[in-house]
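# Close look at the chain arrangement
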Amino acid sequence: MTLRNIIRNPYLWMFIGFLLSYLVLGKWVGYLLFYLGVSLHGQTYNSYSQFRANEETLLIYLSFIINILRFVVILVIVYKTKWFTHRKLILKKKDFRYAIYAFFIKAFISIILGILSSIPKIGVYFNSGSPNQDKVEHLIQNYIWVGILFSVIIAPLTEEFIFRKLLIGELFKDKEYSGLIVSSVLFGSLHLMAGFTLPGLILYISLGFILGWLYIRNKRIETSIIAHMFNNFIGTVAVIFKP
């Protein structure tokens, strides 16, 4: 493929657009609200850090709205354009079986990371949790319905479309396993925006690899979506009933 063809590839720009929306859109809109003086408490703030510290609820709902809009954009692209083949969803019993397998594989990796954290000299690199997981837990505990909708429905649907269907299925259509590696690394990196830890990097890249492998093996996005939803559902239930 020539450089011109790569640049003119609509799937590439679609992916870049979605990626930028994850990286900067929420922050840009947050800054805009700060400069416009928007506040749930009717206060005026001298700095953006002060605004963020006191307007958590506003920023949480802002983030949720942005995620809803991103999901709507995906629906429009799938159903109203010719870039993707529209078809009915196909759910199979084995999809749910794969979801259970994927969950236990991830749980096994978590256990291995936990064991490594207890080994002297090695554990210093593995004794930190995941800031992203802490952020999700805070969201679920303090904004339960927003947390459930985001974690169990919106995030799995949008992320599977972007990282599996778009990246592996379209951009790397002829080199799926290269796409699997790229998508796994990018998926893991995206989940480190809240803060970097080695266990978090390993865990999220592993999850991305598992979901990508399921997509390639079954040739259907439904399989990886169900696995992603099931994994997040179990995690959400664990947070809700956490002592």
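See the structure printed just above.
Summarised in this report is the structure supplied together with it.

Calculation rules
- Positions within a chain are numbered from 1, following the residues in the order the chain's sequence is written.
- Where totals are concerned, whole chains, interfaces and linings use all residues; where local detail is concerned, this predicted model gives features only for residues with pLDDT of at least 70, and gives and counts side-chain atom pairs only at 80 or more.
- Note that the side-chain values use all heavy atoms of the structure and ignore hydrogens as well as water.
- Numbered from the N terminus, helices here are DSSP runs of H or I no shorter than four residues, and strands are runs of E no shorter than two.
- In this treatment the radius of gyration is a C-alpha quantity, and the globule benchmark scales as 2.2 Å times the residue count to the 0.38 power.
- Relative accessibility thresholds used throughout: buried, under 20% of the residue-type maximum; exposed, over 50%; partly exposed, between the two (1.4 Å probe, protein chains only).
- For this analysis, residues touch if any pair of their heavy atoms sits within 4.5 Å.
- The patches described consist of residues with a relative accessible area above 30% and no salt bridge, like charges being joined within 9 Å and nonpolar side chains (Val, Leu, Ile, Met, Phe, Trp, Tyr) within 5 Å.
- Using the Shrake-Rupley algorithm and a 1.4 Å probe, accessible areas are obtained, with residue cover drawn only from the displayed protein chains.
- Basic side-chain nitrogens of Lys or Arg form a salt bridge, by our definition, when they fall within 4 Å of a carboxyl oxygen of Asp or Glu.

## Topic: the overall build of the protein chain
Of the regular secondary structure elements, the protein chain holds 10 helices and 0 strands. Taken from N to C terminus, the helices and strands of the protein chain fall in the order α-α-α-α-α-α-α-α-α-α. The C-alpha atoms of the protein chain give 19 Å as radius of gyration, which agrees with the globular expectation for 243 residues (18 Å, within 12%). Counting over 243 residues, the protein chain shows a buried share of 41%. Taking all contacts inside the protein chain whose residues are at least 6 apart in sequence as the whole, residues at least 24 apart take part in 71%.

## Details of a nonpolar patch on the surface
Judged by side-chain polarity, Phe108, Ile111, Ile112, Ile115, Ile119 and Ile122 come together as a nonpolar surface patch covering roughly 530 Å² of accessible area. Mapped onto the elements of the fold, Ile111 is located in helix H5 (residues 93-117).

## A look at unusual backbone geometry
One non-glycine residue with positive phi stands out, namely Lys219, at about 60°. Along the chain, Lys219 turns up in the loop between helix H9 (198-218) and helix H10 (221-240). The exposure class of Lys219 is exposed, given its relative accessible area of 53%.

## Some thoughts on the pattern of salt bridges
Side chains that carry opposite charge are capable of pairing whenever their charged atoms lie near each other. Counted under the stated rule, the structure contains 7 salt bridges. For Arg87, the salt bridge identified is with Glu222, shortest N-O distance 2.7 Å. With Arg87 in the loop between helix H4 (56-80) and H5 and Glu222 in helix H10, the pair connects residues that are 135 residues apart, well separated along the chain. What makes Arg87 partly exposed here is its relative accessible area of 38%. We note a salt bridge from Glu222 to Arg220, for which the minimum N-O separation is 3.8 Å. The exposure classification of Glu222 matches that of Arg220, with both residues buried. Counted as one network, the salt bridges with shared partners bring together Arg87, Asp95, Arg220 and Glu222.

What is shown is where atoms sit, not what they do.
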